[in-house]
Amino acid sequence: MIKFRMYYDKDRETEWLNEMCAQGWAMTNFFAGFYSFDKCQPGEYIYQVDIQDTFGKVPNDYRELMKEMDVEIIQNWGYWIILRKKAADGEFELYTDTESLIEHYSKIRKMFKGVMVIELIAFLIEVFGAAIGGINIGWFFAGLILALILVFVNAIVKTTDKINALKEEQTGISVPEGRTFSPLI
């Protein structure tokens, strides 16, 4: 079975993959939003989604660590890595303490910011090209890029909210109400 989904929230993606497995569908492959599933025993696997520092490459030490934990690397897509472990082998959590979770979500936010800046540059180039060339389709693509930028701004805001909640949990000091940051910083 193949399903199409676009996730920018790794927690929601992890939840969905585990729900699919609970229904008897094991994720086996991913490409550009298309997830492939094979039949499995309901709940046979526990899935986790991780983010790496390197684009398109899983470091050897990471591979070794996963192998020691009896974790299978199912797919590496850009910075995303989809992992699974047999449920019979016990719990599967990658980040178990608040400090490592804060670091993890900070890495995700940094990645989103980088991609958003690239999209912003593409947007400005498209707008400039459409304005100079008078090509109407250029405005259409500028609109699509702007929509992507808004998706990344939303992802940055949500990730910042998670980081702030974790910091509050860690320190007991609540973060001030309202947004006090610029998504570009």
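Above this text you will find the structure in question.
Summarised in this report is the structure supplied together with it. (Residues numbered from 1 in each chain as written. Predicted model: local features only at pLDDT ≥ 70, side-chain atom pairs only at ≥ 80, totals over all residues. Heavy atoms only, no water.)

### Quick word on the sheet that holds strand 5 (residues 71–77)
1) Next: Here three strands make up an open sheet; going across it, the order is 4-6-5 and the pairing antiparallel. Each edge of the open sheet is held by one strand with a lone partner, namely strand 4 (45–51) and strand 5. If you compare each strand with its neighbour and ignore which way they point, the axes differ by 20° on average.
2) Next: Pairing analysis gives six bridges linking strand 5 to strand 6 (residues 80–86), with the strands arranged antiparallel. (Pairing = 2+ DSSP bridges. Helix = DSSP H or I, 4+ residues; strand = E, 2+ residues; numbered from the N terminus. Axes fitted to C-alpha atoms, helices over the stretch in contact; angles between N-to-C directions.)

### Comments concerning the side chain of T98
1) Next: Looking at the element boundaries, T98 is found in helix 3 (residues 98–133).
2) Next: Separated by 3.3 Å, the side chains of T98 and E169 make a polar contact.
3) Next: Setting aside residues no more than four positions away along its own chain, T98 makes contact with L166, E169 and Q170. (Polar contact = N/O pair within 3.5 Å; in protein donor to acceptor, adjacent residues only side chain to side chain. Contact = heavy atoms within 4.5 Å.)

### What about the environment of Y95?
1) Next: Position of Y95 relative to the elements: it lies in the loop between strand 6 and helix 3.
2) Next: Taking the C-alpha atoms as reference points, Y95 and D61, 34 residues apart in sequence, are found 17 Å from one another.
3) Next: Residues within four places of Y95 in sequence aside, it is in contact with D50, S100, L101, H104 and K107.
4) Next: Here the side chain of Y95 touches D50 through a polar contact of 2.6 Å, side chain to side chain.

### Some words on the packing of aromatic side chains
1) Next: Under the defined criterion, the tally for this structure stands at 12 aromatic pairs.
2) Next: Summarising the aromatic geometry, the rings of W16 and F37 are spaced 5.5 Å apart at their centres and angled 85° between planes, so their arrangement reads as edge-to-face. Taken together, the residues span a long stretch of sequence, with W16 in helix 1 (residues 10–22) and F37 in strand 3 (residues 34–39) at a distance of 21 residues.
3) Next: Both rings, one in F140 and one in F141, keep their centres 5.4 Å apart while their planes meet at 70°; by these two values the pair is edge-to-face.
4) Next: Given a relative accessible area of 39%, F141 falls into the partly exposed group.
5) Next: Clustering of aromatic rings is evident, with ring pairs tying together Y7, W16, F30, F31, Y35, F37 and W77.
6) Next: Lying across the ring of Y45, R84 places its NZ or CZ 3.9 Å from the centre. (Phe/Tyr/Trp six-rings, centres within 6.5 Å; stacked < 30°, edge-to-face > 60°. Buried < 20%, exposed > 50% of the residue type's maximum accessible area, 1.4 Å probe, protein only. Lys NZ or Arg CZ within 6 Å of the ring centre and 35° of its normal.)

### Here's the deal with the layout of surface pockets
1) Next: When its volume is computed, the largest pocket comes out at roughly 430 Å³.
2) Next: In terms of lining, the largest pocket is formed by 18 residues, of which the most central are M6, Y7, Y8, W77 and W80.
3) Next: Counting residues per element, the lining of the largest pocket draws most heavily on helix 3, at three residues.
4) Next: Residues belonging to the lining of the largest pocket are distributed by class as follows: 14 nonpolar, two polar and two charged. (1 Å grid on protein atoms, 1.4 Å probe; cavity = no way out; pocket = protein on both sides within 12 Å on 5 of 7 lines; lining within 4 Å. Points joined across faces, edges and corners; volume = space filled by probe spheres on them. Nonpolar A, V, L, I, M, F, W, Y, C, P; charged D, E, K, R; others polar.)

### Structural notes on helix 1
1) Next: Between its first and last C-alpha, helix 1 extends 18 Å over 13 residues, near the 18 Å set by a 1.5 Å rise per residue.
2) Next: Residues of helix 1 that are buried: K10, E13, T14, W16, L17, M20 and C21. Buried positions in helix 1, seen along its axis, are confined to an arc of 165° and lie on one side of it.
3) Next: Looking at the buried side of helix 1, the elements it contacts are strand 1 (2–4), strand 2 (25–31), strand 3, strand 4, strand 6 and helix 3.
4) Next: For helix 1, the N-terminal cap is D9; the gap from its side-chain oxygen to the backbone nitrogen of D11 is 2.9 Å.
5) Next: Where helix 1 terminates, the next one or two residues include G24, which has phi positive at roughly 95°. (Expected span 1.5 Å × (residues − 1). Arc of directions from axis to C-beta.)

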